[in-house]
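A closer look at the structure
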2 protein chains.
Amino acid sequence: MEAVNREIIARMASDVSLIPELASHLIAAGGKRIRPLLTLGAARLCGYQGSYDVLLATCVEFIHTATLLHDDVVDESDRRRGNATANVLWGNQPSVLVGDFLFTRAFQLMVETGSLEVLRILAGASSEIAEGEVLQLVIANDMNSLESDYLKVIKAKTAALFAAACRVGAVIADRPMAEAQSLDDYGHNLGIAFQLVDDALDYASDGETLGKNTGDDFREGKITLPVLLAYSKGSEAERTFWRRVIERPEEQTPEDWAQALAYMERHGAIQETMARARLYGQKARQALAPFATGAMRDALAEAVDFAVERAR
Amino acid sequence: MEAVNREIIARMASDVSLIPELASHLIAAGGKRIRPLLTLGAARLCGYQGSYDVLLATCVEFIHTATLLHDDVVDESDRRRGNATANVLWGNQPSVLVGDFLFTRAFQLMVETGSLEVLRILAGASSEIAEGEVLQLVIANDMNSLESDYLKVIKAKTAALFAAACRVGAVIADRPMAEAQSLDDYGHNLGIAFQLVDDALDYASDGETLGKNTGDDFREGKITLPVLLAYSKGSEAERTFWRRVIERPEEQTPEDWAQALAYMERHGAIQETMARARLYGQKARQALAPFATGAMRDALAEAVDFAVERAR
């Protein structure tokens, strides 16, 4: 990961100094770096010995960072990873454009691997992410959204890049299609589990857990599984509450947040969300079965535990 | 171009209906389609017979459309191609995300050509565009900006994609490096000429010329060549005027626009900008010299006339 960190710094360089300034604000703040770790882990598991794993890990982190920059503009977020967001510090304009820069730089890095298959996988994942983000916007503030819509969103906006980050590890190691598919399945299920936990943690009771604001999803009227579960199990009065706070979040009162948490508690919405996350986590672990046991496979299995059991 | 139009419609399809809706609003509005025309023209000039020219023309138009969507958000524009902008009709959020979608879709199309060289060229151009847009933002509202900064901006934000759109025509036709470079030079110089004219037209006296608002650059305090020329040739009083209106555009009064036009008229700033455009246009035409004379070379030479002599 040290090599990845060096590569990240080196590759976001530009004569236009605002670009590395703004990008490094977000990248230096750390975050979990789980996606680049997956690429390194998958490549290692496949016995890869070259240096493209570091390049692709960088590339995956750039794609992720670009989506965060655009997300924060789209969501008008003011905190991320415990810091003020780039859109607050520099404005929306450079956030959008530096996001574009990182995106395009990621594609330049992929070209360096000389692998069209790598480009096919990561261009596909990037396109899916954008599609998922638009769908998320479309279903926001709509309590008629289905659980299947929500699943579609998180598969596209999160699981697609997790899956791709893992799959390219097998591709650069020149492993057979079946291994690439197993790593894809691992990443896909891990990504779903990860996002389910993220969405559960947004209804956690204190704001320090993720370095981002707890209650953000609620205040934006985002449709996430905890809300859908509380709604489907709620009384008529509760459903009226959810319709009001989610469909017209601008009318939320300061008491609504505590009320929402109480309703979720009553119906075990957070617990059930976590239980679902554990199921996907199990699927992720099972996808590792075809690989030889050893330290690397253990590490990837532990990544699942980390994703599912973190915080709270 | 009919094949390109069909391909554009087919390739912006998505299950998330907001994506084609929003994208087609901008794409259907037309615009000059000069970039895809360049790709088709360059490929034809190189004797290309396959179908990747249509694919790459689509891809180039997608990249361009993505940058327009993001530009309109960044500039808070309300009109484009004679219509309300997507950010006004649907809001900033989907405009940013559908822009991302078109960007990533463009890279998926490139992968289909199976040419890493095509990907290298267009990823490089895309990255340059983003860099140029950030630089443009950095020098905006700063009357200390140099003409060389301005040139750097338009080379990156406009000429890079013109050059790449032409160059890939030679690449898919498998022509020698020298021909690819000549087409690159042609596109590069044409792009600079095109942007110079665009920036001159923004100070034209009526708003119908481009289907976009005349005076936009002025109201945003953008640094363009007409402003730099009027400033450098202006009296002390005029310089004070330019500093005020460009550095603090929010303080502009309704009379400032007419005053700006008068100062430009006095120093021939628009005429000189157009003269420079013609010089780059000439360089573009010269770059075509290595190619055999014929209908296709004539068409590309005429594209220069169109770019330089349009409107007014």
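Being a predicted model, the structure only gives us computed values, none of them experimental. (Residues numbered from 1 in each chain as written. Chains lettered and ligands numbered in written order. Predicted model: local features only at pLDDT ≥ 70, side-chain atom pairs only at ≥ 80, totals over all residues. Heavy atoms only, no water.)

Description of the overall build of chain A
Along chain A, the regular secondary structure elements total 15 helices and two strands. Its C-alpha radius of gyration of 20 Å places chain A within 12% of the 20 Å reference for a compact globule of 312 residues. If one aligns the C-alpha atoms of chain A with their principal axes, the spans along those axes are about 60 × 45 × 30 Å. Across the 312 residues that make up chain A, the buried fraction comes to 61%. Across chain A, every contact between residues at least 6 apart in sequence was considered, and the portion connecting residues at least 24 apart equals 74%. As displayed, chain A has an accessible area near 12000 Å², and 48% of this comes from carbon and sulfur atoms. Taking the average place of the 32 positive charges on the side chains of chain A and the average place of its 45 negative ones, the gap between the two points comes to 4 Å. (Helix = DSSP H or I, 4+ residues; strand = E, 2+ residues; numbered from the N terminus. Rg over C-alpha atoms; globule rule 2.2 N^0.38 Å. Buried < 20%, exposed > 50% of the residue type's maximum accessible area, 1.4 Å probe, protein only. Contact = heavy atoms within 4.5 Å. Areas by Shrake-Rupley, 256 points an atom, 1.4 Å probe, with all protein chains shown as cover. Lys, Arg positive; Asp, Glu negative; His and termini not counted. Charge placed at Lys NZ, Arg CZ, Asp CG, Glu CD.)

Concerning the nonpolar core
Core analysis: the biggest nonpolar cluster contains 223 residues, and Leu122, Tyr186 and Trp242 of chain A together with Leu122, Tyr186 and Trp242 of chain B have the highest contact counts within it. When residues no more than four places from it in sequence are discounted, the contact partners of Leu122 of chain B are Leu56, Cys59, Val60, Ile63, Met110, Leu161, Ala164 and Val168 of chain B. (Core = buried A, V, L, I, M, F, W, Y, C linked by side-chain atoms within 4.5 Å.)

Things to note about the relation of the copies chain A and chain B
Here chain A sits on chain B after a turn of 180° about the axis and a move of 0.0 Å along it, with an RMSD of 0.0 Å. On the angle and the small slide along the axis, the relation comes out as a two-fold axis. Of every C-alpha in chain A, the one belonging to Leu116 of chain A sits nearest the axis of rotation, 3.4 Å from it. Interface residue correspondence from chain A to chain B reaches 100%, placing this contact among same-surface, isologous pairings. (Least-squares fit on C-alpha atoms with pLDDT ≥ 70 in both.)

Here's the deal with the state of the cysteines
Enumeration over the complete set of coordinates arrives at zero disulfides over all chains. Here Cys46 of chain A stays unpaired: no disulfide links it, and the sulfur of Cys166 of chain A, its closest cysteine neighbor, is 9.7 Å away. (Disulfide = S-S within 2.5 Å.)

Examining the interface of chain A and chain B
Contacts between the two partners involve 36 residues from chain A, matched on the other side by 36 residues from chain B. The junction of chain A with chain B conceals about 3300 Å² of combined surface from both sides, 79% of it contributed by carbon and sulfur atoms. Taken together, chain A and chain B are joined by zero salt bridges. Put simply, chain A and chain B have eight residue pairs in polar contact (both at pLDDT 80 or more) between them. Looking at the side of chain A that touches chain B, the elements with two or more residues in it are helix H2 (18-28), helix H4 (52-75), helix H6 (92-113) and helix H7 (116-139) of chain A. With 14 residues, H7 of chain A is the largest single contributor of residues to the side of chain A that touches chain B. A class-by-class count of the residues in the side of chain A that touches chain B yields 20 nonpolar, 10 polar and six charged. (Buried area = accessible area lost by both parts, 1.4 Å probe. Salt bridge = Lys/Arg side-chain N within 4 Å of Asp/Glu carboxyl O. Polar contact = N/O pair within 3.5 Å; in protein donor to acceptor, adjacent residues only side chain to side chain. Nonpolar A, V, L, I, M, F, W, Y, C, P; charged D, E, K, R; others polar.)

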